[in-house]
Number of protein chains: 2
Amino acid sequence: MTGITIQPQRLLDDLETLRSYGRCGSGVVRPAYCEADIEARKWLAGRMREAGLEPVFDPVGNLFGLPPGDEPCLLMGSHSDSQPEGGWLDGAYGVIAALEVARASREAGGPPVAVVSFQDEEGRFTTLTGSRVWSGLMSLEEADAMTDHEGVTMAEARATMADLAGDFPAHGRFSAFVEAHIEQGPVLDQSGERIGVVEDIVGIRSERYRFEGQQNHAGTTPMRLRRDAYQGLAEFTTLLNARLAPLVTPATVWTIGHVAVHPNAPSIVPGRVDFTVQWRDGETARLDRMESVIRSTAEEVAGKRELSVSRSAYARIEPARMAPALAARIEAAARQHAEGLWRRMPSGALHDAANVAHVMPAAMLFVPSKRGISHSFEEDTAHDDLALGAQVLATAAANAG
Amino acid sequence: MTGITIQPQRLLDDLETLRSYGRCGSGVVRPAYCEADIEARKWLAGRMREAGLEPVFDPVGNLFGLPPGDEPCLLMGSHSDSQPEGGWLDGAYGVIAALEVARASREAGGPPVAVVSFQDEEGRFTTLTGSRVWSGLMSLEEADAMTDHEGVTMAEARATMADLAGDFPAHGRFSAFVEAHIEQGPVLDQSGERIGVVEDIVGIRSERYRFEGQQNHAGTTPMRLRRDAYQGLAEFTTLLNARLAPLVTPATVWTIGHVAVHPNAPSIVPGRVDFTVQWRDGETARLDRMESVIRSTAEEVAGKRELSVSRSAYARIEPARMAPALAARIEAAARQHAEGLWRRMPSGALHDAANVAHVMPAAMLFVPSKRGISHSFEEDTAHDDLALGAQVLATAAANAG
């Protein structure tokens with residue numbers, strides 16, 4: 001097989017250029033379909049053309065760079081839209097690393113590599129919008145009806161890119177998908193390892209709960225007569241922690257991140273509390289068991305405290321297993337370039353690969369995030385790690401070819 | 001002595017007019033210094049003037065209606081600010097009942113009666129702010145530095161009333177203070193009695209706490225690495241309940257009524273939580289013991305979870321004994337108008353009378369709260385009970401003159 005050697009400086013230069021679109025301090029403000037996002041995609045299309053790839057925008061604004069020929073080839077990439085206040089590497093790294101691998105492979109006479117930057121991964125309209133539509137998990141009509149927080153529809157947003165839009169590239173054009181990404185968590189940073197080979201992308205469930213009791217005066221209502229909704233939440237939280245502990249793995253997480261106490265005044269026994277429980281795990285069966293414990297614990301606490309309980313806004317994204325043979329090729333490349341400094345791990349964050357995995361073998365590679373920070377202007381990764389990740393990707397591409 | 005007869009319809013009409021300021025359904029939204037509160041005070045000042053009283057706003061926004069002459073007279077009243085979501089009678093009843101007694105006494109040639117509506121009884125800045133400052137228990141400078149939950153200072157809030165402000169009326173202008181109030185609890189309603197003669201007001205303490213941990217991604221941050229501020233609060237709440245239970249009496253209460261989670265998003269591990277702990281009891285020694293448990297539990301939980309903990313806005317009001325001779329005069333009037341339908345009782349709610357008792361004899365009269373509900377839009381009292389309470393107050397005023 002042909003060895004492929006990436007050029008670290010070219011990788012970093014392109015990353016810095018991409019950063020300049022929507023730059024804000026050390027981070028970027030480049031949400032999907034904003035002017036900076038569209039300008040960045042036009043620049044990316046030009047860089048693809050310079051790398052011998054034909055740039056194709058699909059109807060939702062996903063940008064593909066297609067190599068010559070009809071044989072199914074490897075697709076690599078991620079997304080170049082950002083959070084409303086995002087870091088410079090979230091998504092961008094996977095796109096530019098793919099571009100560098102495609103260029104380096106062409107220079108080395110390696111296998112053709114296609115590149116993609118998916119649109120709206122960060123959920124302006126819905127979670128992973130661009131890859132979701134391209135993978136056929138949501139129709140274009142459904143997507144068009146989604147609205148952002150300001151009431152703009154997806155149809156209106158993508159109309160701003162209509163002059164660029166071509167067709168959706170067929171899935172059969174590609175043999176597999178590999179996405180490089182920053183970890184966005186602390187695992188590699190804390191362990192001192194440099195490469196993560198992703199085995200699974202966790203599934204996510206979330207439910208919004210409401211406990212309702214009786215709002216009352218905090219001085220004149222005896223403790224035994226209270227129906228305090230906040231106290232119900234505190235007891236639920238404590239019981240839930242104890243009951244989930246024996247069911248989970250070290251990678252399982254659950255979060256109560258949103259809490260609204262009503263009327264939220266120091267001298268009033270809370271009559272109502274709204275809260276969200278979100279849980280993530282790599283196995284559907286475990287997600288199911290957790291769901292059952294969460295629901296029964298909420299009902300038990302509510303019953304005991306004479307609160308009413310209601311649920312709404314249930315969200316569910318199934319876990320996605322990365323293709324074992326593809327992950328093994330990334331692992332082999334990691335062994336070659338970073339022996340002893342890599343690990344297999346799950347992804348606790350959602351990624352486009354979770355959607356693409358429905359239509360072709362998919363795998364992911366992580367590089368460390370300094371201090372585990374992401375979705376923040378402070379997000380960063382050591383330059384050496386960025387280069388190493390791209391080299392591992394290149395070697396995996398060579399082996400895959 | 002001159003008999004004083006109140007006019008029930010005039011009392012109810014004025015209560016309904018006051019209710020119209022900030023009305024929301026059957027309740028009111030009229031927190032201290034909001035536009036509805038200030039407009040209500042201006043209307044009250046006009047009604048005082050029509051009753052032959054000189055309206056005087058002091059620097060914190062307490063509104064006094066002073067009768068002509070220099071002789072020390074009886075002061076009656078309560079407060080006209082409301083909870084963020086309050087009932088129509090909490091405070092308002094005592095102010096309008098006082099106004100009606102002042103009018104009725106003047107019409108009957110009875111003793112002069114002064115009227116007061118204290119400001120911020122409901123604790124936007126601190127508990128019983130207006131009567132606390134007027135009674136000299138907190139300096140104006142200290143009060144000015146207090147902040148509400150949105151970070152507005154008391155100095156900023158009272159500046160909105162600066163054009164109305166005069167001096168603090170001297171305590172020596174008044175011989176005693178009597179406050180009528182709805183019970184805000186279930187005792188009279190459950191017993192079928194119509195008048196409560198208050199003997200003591202419980203002490204109250206409250207502290208605002210902050211736990212700070214590390215805000216982070218709810219998918220990629222393993223449970224063992226989290227420093228989740230909300231989880232700290234839940235554990236604190238549960239531990240506190242268990243530790244306070246053996247220290248308290250059936251009349252002791254404690255409440256976590258205000259909780260603010262930051263950034264309060266379902267997919268983010270909370271990095272910060274602000275909350276208020278309030279506790280009430282009739283004995284200073286028990287309040288001290290509870291305080292010690294609350295503080296040590298907060299520190300223990302924070303230490304264990306690697307959160308920082310800070311306290312601010314400590315409020316303390318000692319239990320207050322009502323003046324026996326003044327209470328006896330209210331009791332005599334209750335016997336006259338409601339024989340067999342009154343009782344002596346403690347107040348589990350805090351009232352301005354607890355502050356005023358530090359500078360002059362003070363007493364209180366309760367009327368029933370339907371189903372014991374208060375600090376809620378549902379708060380209500382039978383019209384006959386409202387009229388009876390004002391008549392008992394008037395007869396007590398006549399006897400006191």
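Every value quoted in this text rests on a predicted model; they were computed, and no experiment measured them. (Residues numbered from 1 in each chain as written. Chains lettered and ligands numbered in written order. Predicted model: local features only at pLDDT ≥ 70, side-chain atom pairs only at ≥ 80, totals over all residues. Heavy atoms only, no water.)

Asks: Give a detailed account of the overall build of chain A, specifying residues and quantitative values.
Replies: Summing up its helical and strand segments, chain A has 12 helices and 17 strands in all. A globule of 401 residues ought to have a C-alpha radius of gyration of about 21 Å, and chain A, at 23 Å, matches this closely. Dimensions of chain A, computed from C-alpha atoms along their principal axes, come out at roughly 80 × 50 × 40 Å. Residue pairs at least 24 apart in sequence account for 78% of intrachain contacts in chain A once pairs closer than 6 positions are excluded. Across chain A, the centroid of the 38 positively charged side chains sits 6 Å from that of the 54 negatively charged ones. (Helix = DSSP H or I, 4+ residues; strand = E, 2+ residues; numbered from the N terminus. Rg over C-alpha atoms; globule rule 2.2 N^0.38 Å. Contact = heavy atoms within 4.5 Å. Lys, Arg positive; Asp, Glu negative; His and termini not counted. Charge placed at Lys NZ, Arg CZ, Asp CG, Glu CD.)

Asks: Hey, could you go over the packing of helix H8 (residues 229-244) of chain A against helix H9 (residues 284-304) of chain A for me, with residue numbers and the actual values?
Replies: Residue and element names in this part refer to chain A. The N-to-C vectors of H8 and H9 enclose an angle of 145°; their axes lie 9 Å apart at closest approach. In terms of crossing hand, the pair formed by H8 and H9 is right-handed. Residue-level inspection shows Gly232, Glu235, Phe236, Leu239, Leu240, Arg243 and Leu244 of H8 in contact with H9, the latter providing Met290, Val293, Ile294, Thr297, Ala298, Glu300, Val301 and Lys304. Among the residues making up the contact of H8 with H9, the classes are represented as 9 nonpolar, 2 polar and 4 charged. (Axes fitted to C-alpha atoms, helices over the stretch in contact; angles between N-to-C directions. Left-handed = near helix turned anticlockwise from the far one by under 90°. Nonpolar A, V, L, I, M, F, W, Y, C, P; charged D, E, K, R; others polar.)

Asks: I'd like to hear about the pattern of salt bridges, residue by residue, with values.
Replies: All names here are of chain A. Counting across every chain of the model gives 72 salt bridges over all chains. Between arginine 205 and aspartate 288 there is a salt bridge; the shortest N-O distance is 2.7 Å. Here the residue arginine 205 occupies a position in strand S9 (residues 203-212), and aspartate 288 occupies one in helix H9, the gap between them amounting to 83 residues. Exposure remark for aspartate 288: the relative accessible area of 35% places this residue in the partly exposed category. (Salt bridge = Lys/Arg side-chain N within 4 Å of Asp/Glu carboxyl O. Buried < 20%, exposed > 50% of the residue type's maximum accessible area, 1.4 Å probe, protein only.)

Asks: Can you break down the pairing of strand S4 (residues 63-66) of chain B residue by residue, with the values?
Replies: All names here are of chain B. A two-sided burial pattern is seen for S4, the buried positions comprising Leu63 and Gly65 on one face and Phe64 and Leu66 on the other. Note: strand S3 (residues 54-57) against S4, 4 bridges, orientation antiparallel. Looking at the pairing, glutamate 54 lines up with leucine 66 of S4. Count of turn residues in the S3/S4 antiparallel hairpin: 5 residues, of which glycine 61 carries a positive phi of about 100°. Bridge count for S4 against strand S6 (residues 113-118) is 3 bridges, and the pairing is antiparallel. (Pairing = 2+ DSSP bridges.)

Asks: Describe the interface of chain A and chain B, listing the residues and the values that go with them.
Replies: On the side of chain B, 53 residues touch chain A, which itself brings 51 residues to the contact. Here chain A meets chain B over a buried area of about 4300 Å², counting both sides, of which 52% is carbon and sulfur. When residues of chain A are sorted by the area they lose upon contact with chain B, His217, Tyr230 and Pro266 of chain A head the list and together hold 14% of the total. Between the two partners, chain A and chain B, sit 0 salt bridges. (Buried area = accessible area lost by both parts, 1.4 Å probe.)

Asks: Talk me through the environment of glutamate 378 of chain B; I want residue IDs and the actual numbers.
Replies: Within the secondary structure layout, glutamate 378 of chain B lies in the loop between strand S17 (362-367) and helix H12 (383-400). Residues glutamate 378 of chain B and glycine 87 of chain B, spaced 291 residues apart in sequence, show a C-alpha to C-alpha distance of 6.6 Å. Not counting chain neighbours up to four residues away, the residues in contact with glutamate 378 of chain B comprise Gln214 of chain A together with Arg371 and Ile373 of chain B. A distance of 3.2 Å separates a polar atom in the side chain of glutamate 378 of chain B from a polar atom in the side chain of arginine 371 of chain B. (Polar contact = N/O pair within 3.5 Å; in protein donor to acceptor, adjacent residues only side chain to side chain.)

Asks: Residues and numbers for the side chain of histidine 181 of chain B, please.
Replies: Structurally, histidine 181 of chain B is set in strand S7 (residues 174-182). For histidine 181 of chain B, the contacting residues outside a window of four places in its chain are Ser78, His79, Asp90, Gly91, Tyr93, His351, Met364, Leu365, Phe366 and Val367 of chain B.

Asks: So what's going on with the side chain of arginine 103 of chain A? Residues and values would help.
Replies: Residue and element names in this part refer to chain A. The topology assignment puts arginine 103 in helix H3 (residues 92-108). Assessed through its relative accessible area of 6%, arginine 103 is described here as buried. Setting aside anything within four residues of it in sequence, one finds arginine 103 in contact with Arg10, Asp14, Arg47 and Ala51.

Asks: Break down the packing of aromatic side chains for me, with residues and values.
Replies: The relative placement of two aromatic rings is captured by the distance of their centres and the angle of their planes. Residue and element names in this part refer to chain A. Under the criterion given, the structure shown has 26 aromatic pairs over all chains. Summarising the aromatic geometry, the rings of phenylalanine 236 and phenylalanine 275 are spaced 5.4 Å apart at their centres and angled 50° between planes, so their arrangement reads as tilted. With phenylalanine 236 in helix H8 and phenylalanine 275 in strand S13 (residues 272-281), the pair connects residues that are 39 residues apart, well separated along the chain. Accessibility classification places phenylalanine 236 together with phenylalanine 275 in one group, the buried group. (Phe/Tyr/Trp six-rings, centres within 6.5 Å; stacked < 30°, edge-to-face > 60°.)

Asks: For the environment of glycine 219 of chain A, give the residues involved together with the corresponding values.
Replies: In this structure, glycine 219 of chain A sits in the loop between strand S10 (216-217) and H8. Separated by 142 residues in sequence, glycine 219 of chain A and proline 361 of chain A place their C-alpha atoms 63 Å apart. If we ignore the near neighbours within four places in the chain, the residues touching glycine 219 of chain A are Val253, Arg280, Gly348 and Ala349 of chain B.

Asks: Help me get a handle on helix H3 (residues 92-107) of chain B, residues and values and all.
Replies: Residues and elements named next belong to chain B. With 16 residues, H3 extends 22 Å from end C-alpha to end C-alpha; this agrees with the ideal 22 Å at 1.5 Å per step. Most of H3 sits out of view: 14 of its 16 residues are buried. Of the residues flanking the end of H3, it is glycine 109, one or two places downstream, whose phi is positive at about 70°. (Expected span 1.5 Å × (residues − 1).)

Asks: Report on H3 of chain A, specifying residues and quantitative values.
Replies: Compared with an ideal rise of 1.5 Å per residue, which puts 17 residues at 24 Å, H3 of chain A spans 24 Å between its outermost C-alpha atoms and is within 8% of the ideal. With 14 of 17 residues buried, H3 of chain A lies mostly within the body of the structure.

Asks: Please give an account of the nonpolar core that cites residues and values.
Replies: If you look at the biggest cluster of nonpolar residues, it comprises 70 residues, and the most contacted ones within it are Leu15, Met76, Tyr93, Ile195 and Leu386 of chain B. Sorting elements by how many residues they give to this core places H3 of chain B first, with 10 residues. Leaving out residues up to four positions away in the same chain, methionine 76 of chain B has contacts with Ala98, Val101, Val113, Ala114, Val115, Val116, Phe177, Val178, Leu393 and Ala397 of chain B. Residues Val101, Ala102, Ala176 and Ile195 of chain A belong to the second largest nonpolar core, which totals 69 residues. (Core = buried A, V, L, I, M, F, W, Y, C linked by side-chain atoms within 4.5 Å.)

Asks: Before we move on, could you go through the pairing of strand S11 (residues 253-262) of chain B and cite the residues and values that matter?
Replies: Residue and element names in this part refer to chain B. Burial analysis of S11 places 8 of its 10 residues in the buried class, the great majority of the element. Relative to strand S13 (residues 272-281), S11 is paired through 9 bridges, and the arrangement is antiparallel. Along S13, the bridge assignment pairs valine 259 with phenylalanine 275.

Asks: Before we move on, could you go through unusual backbone geometry and cite the residues and values that matter?
Replies: Residue and element names in this part refer to chain A. In this structure, the amide linkage connecting histidine 262 to the following residue, proline 263, adopts the cis form with an omega of 0°. Of note, proline 263 is situated in the loop between strand S11 (253-262) and strand S12 (268-269). Positive phi, close to 55°, is recorded for arginine 371, a residue that is not glycine. Within the secondary structure, arginine 371 sits in the loop between strand S17 (362-367) and helix H12 (383-400). Taking relative accessible area as the criterion, arginine 371 reaches 59% and is therefore assigned exposed.

Asks: Lay out the environment of alanine 265 of chain A with the relevant residues and their values.
Replies: Turning to its location among the elements, alanine 265 of chain A is positioned in the loop between S11 and S12. The exposure class of alanine 265 of chain A is buried, given its relative accessible area of 4%. In this structure the C-alpha to C-alpha distance between alanine 265 of chain A and methionine 161 of chain A, which are 104 residues apart in sequence, comes to 48 Å. Setting aside its immediate chain neighbours within four residues, alanine 265 of chain A contacts Gln83, Pro84, Gly257 and His258 of chain B.

Asks: Now, about the confidence of the model for chain A: what can you tell me, with residues and values included?
Replies: Detailed reading of the predicted coordinates is not advisable wherever pLDDT is low. Here chain A shows a mean pLDDT of 95. Residues at 70 or above account for 99%. The ipTM assigned to the predicted complex is 0.83, against a pTM of 0.76. (pLDDT = per-residue confidence, 0-100.)

Asks: How would you explain the state of the cysteines if you had to name every residue and give the values?
Replies: All names here are of chain B. Per the stated rule, a full pass over the model turns up 0 disulfides over all chains. Its sulfur unpaired, cysteine 24 is 12 Å from the next cysteine sulfur, which belongs to cysteine 34. Classification of cysteine 24 as partly exposed rests on a relative accessible area of 34%. (Disulfide = S-S within 2.5 Å.)

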